[in-house]
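Next come the chains, spelled out residue by residue.
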There are 2 protein chains.
Amino acid sequence: MQFACCLDLVMAQLFLALLHYPVLNRTGDKIASAITNLDLHDLARSCRTYGVPACYVVTPLKDQQALANRLIAHWVYGTGGEILPERREAIRLLRVVESLSAALEDISGQSRQTPVLWATSAKNGRDVLSHREARDLLSRDSGPFLLVFGTGWGLAPEVFDISDAVLEPIPGVSGYNHLPVRSAASILMDRLLGRR
Amino acid sequence: MQFACCLDLVMAQLFLALLHYPVLNRTGDKIASAITNLDLHDLARSCRTYGVPACYVVTPLKDQQALANRLIAHWVYGTGGEILPERREAIRLLRVVESLSAALEDISGQSRQTPVLWATSAKNGRDVLSHREARDLLSRDSGPFLLVFGTGWGLAPEVFDISDAVLEPIPGVSGYNHLPVRSAASILMDRLLGRR
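Presented here is a report on the structure given in the accompanying data block. (Residues numbered from 1 in each chain as written. Chains lettered and ligands numbered in written order. Predicted model: local features only at pLDDT ≥ 70, side-chain atom pairs only at ≥ 80, totals over all residues. Heavy atoms only, no water.)

A short note on the overall build of chain A
Turning to step 1, where the next piece is worked out: Looking only at helices and strands, chain A features eight helices and eight strands.
Turning to step 2, where the next piece is worked out: Its C-alpha radius of gyration of 16 Å places chain A within 12% of the 16 Å reference for a compact globule of 196 residues.
Turning to step 3, where the next piece is worked out: Of all 196 residues assigned to chain A, the portion counted as buried reaches 52%.
Turning to step 4, where the next piece is worked out: Excluding contacts between residues fewer than 6 apart, the proportion of contacts in chain A whose partners are at least 24 apart in sequence is 80%.
Turning to step 5, where the next piece is worked out: For chain A, the exposed surface amounts to about 8,700 Å²; the carbon and sulfur share of it is 49%. (Helix = DSSP H or I, 4+ residues; strand = E, 2+ residues; numbered from the N terminus. Rg over C-alpha atoms; globule rule 2.2 N^0.38 Å. Buried < 20%, exposed > 50% of the residue type's maximum accessible area, 1.4 Å probe, protein only. Contact = heavy atoms within 4.5 Å. Areas by Shrake-Rupley, 256 points an atom, 1.4 Å probe, with all protein chains shown as cover.)

As structure tokens, this is what we get:
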């Protein structure tokens, strides 16, 4: 595989969403997962690094929304951001929303275009979009895209049903497909948006 | 930049080390940092994904060694690994050692060759080794390499002094260079070892 040259400019805006609902648990039930503090920090820092304009933290649970918003307030308006201004720059990209629809609406409102929805999975399926094709689409298109990651044991089937494409899984060298979502998201941002 | 084709075989063994000493704190003092539970999980899972044979957790502090070894025991021999066998496969790659020298000696003992030592930094310096060059070296060489990451505010100068090379920083698109070590390590493994 060969990526486009380092001089290509990514024209489209790629947004991210981290879903805590609807996702699967270890036994395949649909659940709302709990927020992991470090997921939010790591995704925000990777988004800031790769020029992602916003990362949606999706949970319908009010107490979990409050937890995420408290974390954000600490780093954006509180002492966290005073001590580490570079962390504030990252955390301010987080947006807590109650559903994937709300994230899509927010992007549509900003961009005046419905975003192309890309789902991710650790499992290989048919008709997946390769990282090279995805990178090419981002460099050719001018509209918004939303790349969705699942917590827990991955996105529930209904997310795949409404997605425009599913990205190929990250190919390790050993068949092992249990990367943390923090790592998978970082690697995908690098593959889709990184300078080479 | 253009990576070698997907058919090339990585011949050398690339080991990882996560240093908690000697590293710098926010004000530039040399310190021993505390172990972060999720660093160990995430690095182990990324190492397992990319075929890294071992990841050294370096700390001279006995209580921190005990903490890391307790975590490893839970996942390798305890109930953790019974519930999540795929996590056991990853965590068993972790080796707690008291110093970088001990990690180098361990690899030398296994490989009967002194490993080539590569340091990492978020800052751009002179004479850095590009990721492409590093990938080419790994695919051409047969000896062991050790890739070292710092916690806190990065590796202390004495680590750079004994390193054979410093890898170029991960180029974001915005000049922001504050990736978590968990993300930086995952992205580098993908750039140096990943299938494309």
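Considering the packing of helix α6 (residues 131-140) of chain B against helix α8 (residues 181-193) of chain B
All names here are of chain B.
Turning to step 1, where the next piece is worked out: Where α6 meets α8, the closest approach of the two axes is 8 Å, and the angle between their N-to-C directions is 60 degrees. Taken together, the axes of α6 and α8 lie oblique to each other. Of the residues in α8, those touching α6 at H131, A134, R135 and L138 are L188, D190, R191, L192 and L193.
Turning to step 2, where the next piece is worked out: Of the residues that constitute the contact of α6 with α8, the class distribution is five nonpolar, one polar and three charged. (Axes fitted to C-alpha atoms, helices over the stretch in contact; angles between N-to-C directions. Parallel < 35°, antiparallel > 145°, perpendicular 65-115°, else oblique. Nonpolar A, V, L, I, M, F, W, Y, C, P; charged D, E, K, R; others polar.)

So, the relation of the copies chain B and chain A
Turning to step 1, where the next piece is worked out: Superposition of chain B onto chain A requires a rotation of 180 degrees combined with a translation of 0.0 Å along the rotation axis, giving an RMSD of 0.0 Å. Such a combination of rotation and displacement between the chain copies is what one expects of a two-fold axis.
Turning to step 2, where the next piece is worked out: Comparing interface residues between copies, 100% of those in chain B also sit at the interface in chain A, which points to an isologous, same-surface contact. (Least-squares fit on C-alpha atoms with pLDDT ≥ 70 in both.)

Notes on the sheet that holds strand β8 (residues 165-166) of chain A
Residue and element names in this part refer to chain A.
Turning to step 1, where the next piece is worked out: Read across the open sheet, the six strands follow the order β5-β4-β1-β7-β6-β8; overall the sheet is parallel. The strands lining the two open edges of the sheet, one partner per strand, are β5 (94-97) and β8.
Turning to step 2, where the next piece is worked out: Pairing geometry for strand β1 (residues 13-19) and strand β4 (residues 55-58), over four bridges, is parallel. The partner of L19 across the bridge, within β4, is V58.
Turning to step 3, where the next piece is worked out: The sheet strands contacting helix α1 (residues 37-50) are β1, β4 and β5, and the helix crosses β1 at an angle near 175 degrees. (Pairing = 2+ DSSP bridges.)

Some points on the side chain of R196(B)
Residue and element names in this part refer to chain B.
Turning to step 1, where the next piece is worked out: Looking at the element boundaries, R196 is found in the segment after α8.
Turning to step 2, where the next piece is worked out: Residue class for R196 comes out buried when judged on its relative accessible area of 6%.
Turning to step 3, where the next piece is worked out: Of note is the side chain of R196, whose polar atom sits 3.0 Å from the backbone oxygen of D190. (Polar contact = N/O pair within 3.5 Å; in protein donor to acceptor, adjacent residues only side chain to side chain.)

Looking at the pairing of strand β1 (residues 13-19) of chain B
Residues and elements named next belong to chain B.
Turning to step 1, where the next piece is worked out: Summarising burial for β1: six of the seven residues are buried, a large majority.
Turning to step 2, where the next piece is worked out: With seven bridges joining them, β1 and strand β7 (residues 144-150) adopt parallel strand pairing. Within β7, the residue paired with Q13 across the bridge is P144.

Overview of the pattern of salt bridges
Two side chains of opposite charge can pair, provided their charged atoms sit close to one another.
Residue and element names in this part refer to chain A.
Turning to step 1, where the next piece is worked out: Inspection of every chain in the model, using the stated rule, returns 14 salt bridges over all chains.
Turning to step 2, where the next piece is worked out: Between K30 and E158 there is a salt bridge, with the nearest N and O atoms lying 2.9 Å from each other. Residue K30 is located in strand β3 (residues 30-31), and its partner E158 is located in helix α7 (residues 157-162); the two are separated by 128 residues in the primary sequence.
Turning to step 3, where the next piece is worked out: Of the residues examined, K30 reaches a relative accessible area of 44% and is grouped as partly exposed. (Salt bridge = Lys/Arg side-chain N within 4 Å of Asp/Glu carboxyl O.)

A few points about the interface of chain B and chain A
Turning to step 1, where the next piece is worked out: Taken together, the contact pairs 40 residues of chain B with 40 residues of chain A.
Turning to step 2, where the next piece is worked out: In total, about 3,800 Å² of surface goes out of reach between chain B and chain A, with carbon and sulfur atoms giving 52% of it.
Turning to step 3, where the next piece is worked out: On the surface where chain B and chain A come into contact, there are four salt bridges.
Turning to step 4, where the next piece is worked out: Where chain B meets chain A, there are 20 residue pairs in polar contact (both at pLDDT 80 or more).
Turning to step 5, where the next piece is worked out: Listing elements by their share of the side of chain B that touches chain A, those giving two or more residues are α1 (37-50), α4 (85-91) and α8 of chain B.
Turning to step 6, where the next piece is worked out: The class makeup of the residues in the side of chain B that touches chain A is 17 nonpolar, eleven polar and twelve charged. (Buried area = accessible area lost by both parts, 1.4 Å probe.)

Topic: the pairing of β4(A)
The side chains of a regular strand alternate between both faces of the sheet.
All names here are of chain A.
Turning to step 1, where the next piece is worked out: Along β4, one buried face is formed by C55 and V57 and the opposite face, lined by Y56 and V58, is buried too.
Turning to step 2, where the next piece is worked out: The pairing of β4 with β5 spans four bridges and is classified as parallel. Bridge pairing links C55 to L94 in β5.

A closer look at unusual backbone geometry
Residues and elements named next belong to chain A.
Turning to step 1, where the next piece is worked out: The omega torsion of the bond from Y21 to P22 falls at -10 degrees, within 30 degrees of zero and hence cis.
Turning to step 2, where the next piece is worked out: Note on placement: P22 falls in the loop between β1 and β2 (23-24).
Turning to step 3, where the next piece is worked out: The backbone of R112 shows a phi angle near 60 degrees, a positive value even though the residue is not glycine.
Turning to step 4, where the next piece is worked out: In this structure R112 comes out as exposed when scored by relative accessible area, which is 77%.

Focus: the nonpolar core
Turning to step 1, where the next piece is worked out: If you look at the biggest cluster of nonpolar residues, it comprises 86 residues, and the most contacted ones within it are L16(A), W118(A), L16(B) and W118(B).
Turning to step 2, where the next piece is worked out: Not counting residues up to four positions away in its chain, the partners in contact with L16(B) are L43(B), C47(B), V52(B), A54(B), C55(B), Y56(B), L146(B), L147(B), F149(B), A185(B) and M189(B). (Core = buried A, V, L, I, M, F, W, Y, C linked by side-chain atoms within 4.5 Å.)

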